Amino acid sequence: MAVAEGIGAALSRGRTWLERDRVLAPTLLVPAVAYIVLLVGFPFLFALYLSWTDATTGNPFGRFIGLANFALVFQDPVASRALRNTFVFTLTAQVLVMVLSNVLALALRRPFRGRGAVMFLLLLPWVAPVSLSTIGWLWILHARFSVLDWALRGLGLLPPGANMFWLGRPDLAFGAVVAVHVWRMLPFATVVLLAGHSAIPQDFLDQAEVDGANLWQKYRHVMLPLLAPVAVVALLFGTIFTFTDMTVVYVLTRGGPFDTTQVLASLAFFKGIVGGNLSVGATISLLLFPVLLVAAVFVLRAARRAEVAW
Amino acid sequence: MSSRTRRWLLTVGRVALVGAFVVFAAFPFAWMGITAFKQNSDLYNPQNNPFWFNEPPTLEHLQYAFTKTRFARWVVNTALVGAGVVMVTLLLTIPAAYSLARLLGRWGERASIAIFLVYLVPPTLLFIPMSLVVTTLGLQNTLWSLIVVYPTITVPLCTWLLSGFLRGLPRELEEAAMVDGCTRLGALGRVLLPLAVPGIVTVIIFSFTLSAQEFVYALSFVTATAQKTVSVGVPADMVRGDIFDWGPLMASAFLASVPVAALYYLVIERFVGSFTLSGAFR
């Protein structure tokens, strides 16, 4: 009896101790943080380690070889091409996404009948699994049965029986990868911009109208300055997603023809996971990091600005 | 030009513009849907108008996908992984978000943004060391590898979303409950969580759809056909040599992507709202 009471008292003491904010706050937070540190922080450090070794799947700890992997990667023409492609794909796609999403958001700004259905269709590329939707593109761009080729033949732009070989020619394959990236990121940028539009006070636009502003002037002098902070967020996310993506390239071209559409992420996969060359794969992956870091700093600055503004 | 004609032209222009974008966005899905129901002899005849059903529609591709490929198994695997990831995410996210929203004050907001940044760490940065971690844990070629690793994506995002959501709920009700003799955790369980159901549902949908969409980790950790998820099984295993079975391939891609897309669509507003001025970024 006394023992039971003792345990009860200890338990309730323990509970009140746990209930103190100074104890409770970290107790509740630590599991999530520990999970992230263990499964994100540790692998990241391990990637750094791998990049300084000659590790392979057969010998996952390898031998320390200094910066030899980085030297190797920068001398390798395929890796240099992948590095350049990663930047060019991202830049081209994001410029197009920014222009098109601004136009589209302007057109969708005001409510209209059927807007919900239109939004669902417009958002499909973003909300569907990209590895599956890209297979749809693979079929659209098929070497022999491409529907685009059929249409071009119908319009007389392609001789009968001829094909474009969209994914078989470096220039067209390059365009195809960019197009699919634009297709995928455009919905996200558009909804973010639409949220920005809904935060613009109608008075501002009415006033501009009274002052005789036309649509372009209203856009340029009233909307754009107010949309800019939101557009930056869309741009940062688009950049991060496109820059680090390997799915589109993997499904569409496998990096081909002749490694001309290879990007860092896909090359790291082929070298590190398929080829088992862990150290070189990890090194190529790490080349993504500097850009990610810069983007993260800008995200933080955007967040801080929002914090100050409120 | 009269102002009425101008307005009319503007409306027509806007409809045409939006229509063109809708076609661009939805065409690949429409194309999957059409292909899924076409007979092979129709599909592979370059003379046929591909927009037309030149021969009657067929269910043979769907049948093939379900009976001759592991599609059904991949769907089940995806559901299992999704359920596991949802459980882990809820267990870690709810306490963390509560702590960040209610107990840590100003620092809680900053910490939640720091945690969110982890969401921006892409799988392509970590998949090589992560595959070694998975091997070390003995989880390669199992669904568990994905259930363990996917929370590194879902927990940062959902902690941030949920803490923003909780911060938007009034403190007074919990304080009243505590005055009435509830403990802090009691007030959390009895008062706050019931109010937070919409936020928790968002977390569930996000964890599930992000798991169903993920490709890079799944491709890296799982090579056994029977253990794959839909997002990897369809693009990687439905190809026989160099011959694609376009009918079954499109049928499976369409069937698997539309439900995931519809689920994700339900929560996209909340996701986007959080980046813009009204949400958790403040």
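Residues numbered from 1 in each chain as written. Chains lettered and ligands numbered in written order. Predicted model: local features only at pLDDT ≥ 70, side-chain atom pairs only at ≥ 80, totals over all residues.

A. Representation of the overall build of chain A. Of regular secondary structure, chain A possesses 14 helices and 0 strands. Listing each helix as α and each strand as β along chain A from the N terminus yields α-α-α-α-α-α-α-α-α-α-α-α-α-α. Against the 2.2 N^0.38 benchmark of 19 Å for 310 residues, chain A shows a C-alpha radius of gyration of 26 Å, more extended than a compact globule. Each principal axis of the C-alpha distribution contributes one length, and for chain A these read about 95 × 65 × 40 Å. Here chain A holds 310 residues, and the buried ones make up 42% of them. Expressed as a percentage of contacts within chain A between residues at least 6 apart in sequence, the contacts between residues at least 24 apart total 68%. (Helix = DSSP H or I, 4+ residues; strand = E, 2+ residues; numbered from the N terminus. Rg over C-alpha atoms; globule rule 2.2 N^0.38 Å. Buried ≥ 20, exposed ≤ 12 C-beta atoms within 10 Å, placed from the backbone. Contact = placed C-beta atoms within 7 Å.)

B. Quick look at the packing of helix H8 (residues 151-167) of chain B against helix H11 (residues 197-213) of chain B. All names here are of chain B. At a minimum axis separation of 10 Å, H8 and H11 run at an interaxial angle of 160 degrees. When the axes of H8 and H11 are compared, the pair comes out roughly antiparallel. For H8 against H11, the interelement crossing comes out right-handed. Side by side, H8 and H11 meet where Ile153, Thr154, Leu157, Cys158, Leu161, Leu162, Phe165 and Leu166 of the first sit next to Gly199, Thr202, Val203, Phe206, Ser207 and Leu210 of the second. Its residues assigned to classes, the contact of H8 with H11 shows 10 nonpolar, 4 polar and no charged. (Axes fitted to C-alpha atoms, helices over the stretch in contact; angles between N-to-C directions. Parallel < 35°, antiparallel > 145°, perpendicular 65-115°, else oblique. Left-handed = near helix turned anticlockwise from the far one by under 90°. Nonpolar A, V, L, I, M, F, W, Y, C, P; charged D, E, K, R; others polar.)

C. A look at unusual backbone geometry. Residues and elements named next belong to chain A. Residue Pro257 follows Gly256 across a cis peptide bond; omega there is -10 degrees. Relative to the helices and strands, Pro257 is located in the loop between helix H11 (247-252) and helix H12 (264-274). Although it is not a glycine, Asp259 sits at a positive phi angle of roughly 60 degrees. Here Asp259 shows up in the loop between H11 and H12.

D. Representation of the domain arrangement of chain B within the structure. Residue and element names in this part refer to chain B. Split by domain assignment, chain B resolves into domain 1 (3-58) and domain 2 (69-275). Of note, the centres of domain 1 and domain 2, computed from C-alpha atoms alone, are 34 Å apart. Those elements giving two or more residues to the side of domain 1 that touches domain 2 turn out to be helix H1 (3-36) and helix H2 (40-43). Top contributing element to the side of domain 1 that touches domain 2 by residue count: H1, with 5 residues. Residues of the side of domain 1 that touches domain 2, tallied by class, amount to 4 nonpolar, 3 polar and 1 charged. (Domains from an automatic or database assignment.)

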